[in-house]
Amino acid sequence: MELHGSYVRLRPVAARDATRLREVLADPTVARWWGDPDEELAGVLEPDEDTASFVIEYADNVVGLIQYSEEPTPGYRHAGIDIAVHSDWHGRGVGTDAIHTLARYLLDVRGHHRLTIDPAADNASAIRVYKRLGFRPVGLLRQYERAPEGHWRDGLLLDLLATELRPVARS
């Protein structure tokens, strides 16, 4: 299954993507938020049963990855999104289009009414992108994740209801 955005293509991660995805995860601007590239790559190549991983292709180049995970419990059903884009492709609207494309799929096809995303609270550029799409801050997750340097850092939980997804304009 492939998903097509305005200018990105999302396709399921394959074993042949491992080298390029490790490069993405090792990019200092990505590793700062994601952590050890080898550990993260293992989770991308072999995700949990409720998680799906896609490469982000732009102009026939693998430029990043995007994942979703689903909470299957009927009373709490929703999906969460994670994304990483190599810094060579920042500022081109790639991440925005990829998130919008995946969000449309999760809302329209998978039938979710709510999506979440949880960046580090000090990842201002990512938070700007998420807010532009309609995600709203829900709350601060104190000492939410261990940073690659070993200290605990806060996360920001944002969510989006199906009626709040905003269209994207090419940057």
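Before going into details, it helps to say that this report is about the structure given with it.

Calculation rules
- Residues numbered from 1 in each chain as written.
- Predicted model: local features only at pLDDT ≥ 70, side-chain atom pairs only at ≥ 80, totals over all residues.
- Heavy atoms only, no water.
- Helix = DSSP H or I, 4+ residues; strand = E, 2+ residues; numbered from the N terminus.
- Contact = heavy atoms within 4.5 Å.
- Buried < 20%, exposed > 50% of the residue type's maximum accessible area, 1.4 Å probe, protein only.
- Lys, Arg positive; Asp, Glu negative; His and termini not counted.
- Salt bridge = Lys/Arg side-chain N within 4 Å of Asp/Glu carboxyl O.
- Polar contact = N/O pair within 3.5 Å; in protein donor to acceptor, adjacent residues only side chain to side chain.
- Axes fitted to C-alpha atoms, helices over the stretch in contact; angles between N-to-C directions.
- Parallel < 35°, antiparallel > 145°, perpendicular 65-115°, else oblique.
- Left-handed = near helix turned anticlockwise from the far one by under 90°.
- Nonpolar A, V, L, I, M, F, W, Y, C, P; charged D, E, K, R; others polar.
- 1 Å grid on protein atoms, 1.4 Å probe; cavity = no way out; pocket = protein on both sides within 12 Å on 5 of 7 lines; lining within 4 Å.
- Points joined across faces, edges and corners; volume = space filled by probe spheres on them.

Details of the environment of V85
Phase 1: In this fold, V85 is placed in strand β5 (residues 78-85).
Phase 2: Taking the C-alpha atoms as reference, V85 lies 17 Å from E39; in sequence the two are 46 residues apart.
Phase 3: If we ignore the near neighbours within four places in the chain, the residues touching V85 are V24, V30, I56, V63, G64, H90, V94 and G95.

Some details on the side chain of D27
Phase 1: As for its placement among the helices and strands, D27 is situated in the loop between α1 (18-26) and α2 (28-34).
Phase 2: Here D27 occupies a buried position and makes no salt bridge, while the nearest side chain of opposite charge, R20, is found at 7.4 Å.
Phase 3: Of the polar contacts made by the side chain of D27, one reaches the backbone nitrogen of S87; its length is 2.6 Å.
Phase 4: Filtering out sequence-adjacent residues up to four positions away, D27 remains in contact with H86 and S87.

As for the environment of N123
Phase 1: Position of N123 among the secondary structure elements: in the loop between β6 (114-117) and α5 (124-133).
Phase 2: Look at N123 and you get buried, because its relative accessible area is 10%.

Points about the pattern of salt bridges
Phase 1: Per the counting criterion, the structure on display carries 12 salt bridges.
Phase 2: In this structure, the salt-bridge partner of R9 is E57, at a minimum N-O distance of 2.3 Å. Highlighted residues: R9 in strand β2 (residues 8-12) and E57 in strand β3 (residues 51-58), separated in sequence by 48 residues.
Phase 3: Residue classification places R9 among the partly exposed positions, given a relative accessible area of 25%.
Phase 4: When the shortest N-O distance is used, the salt bridge between R104 and D108 registers 2.9 Å. You can see R104 and its partner D108 sitting in helix α4 (residues 94-109), 4 residues apart, about one turn around the helix.
Phase 5: Overall, R104 belongs to the partly exposed group, its relative accessible area being 30%.

Topic: the packing of α1 against helix α3 (residues 37-45)
Phase 1: Following both chains from N to C, one finds α1 and α3 inclined at 130 degrees, their axes separated by 9 Å at the closest point. For the element pair α1 / α3, the angle class is oblique. The chirality of how α1 crosses α3 is right-handed. Mapping the contact onto sequence places A18, L21, R22, L25 and A26 in α1 and P37, D38, E40, L41, V44 and L45 in α3.
Phase 2: Of the residues that constitute the contact of α1 with α3, the class distribution is 8 nonpolar, no polar and 3 charged.

Some thoughts on the layout of surface pockets
Phase 1: Estimates place the volume of the largest pocket at around 1,100 Å³.
Phase 2: Taken together, 47 residues line the largest pocket, and the ones lying closest to its centre are W34, I83, N123, A126 and Y130.
Phase 3: Put simply, the parts of the chain that give the lining of the largest pocket at least two residues each are α2, β4 (61-71), β5, α4, β6, α5 and β7 (136-146).
Phase 4: Top element by residues in the lining of the largest pocket is β5. It accounts for 8 residues.
Phase 5: For the lining of the largest pocket, the class distribution of residues is 20 nonpolar, 14 polar and 13 charged.

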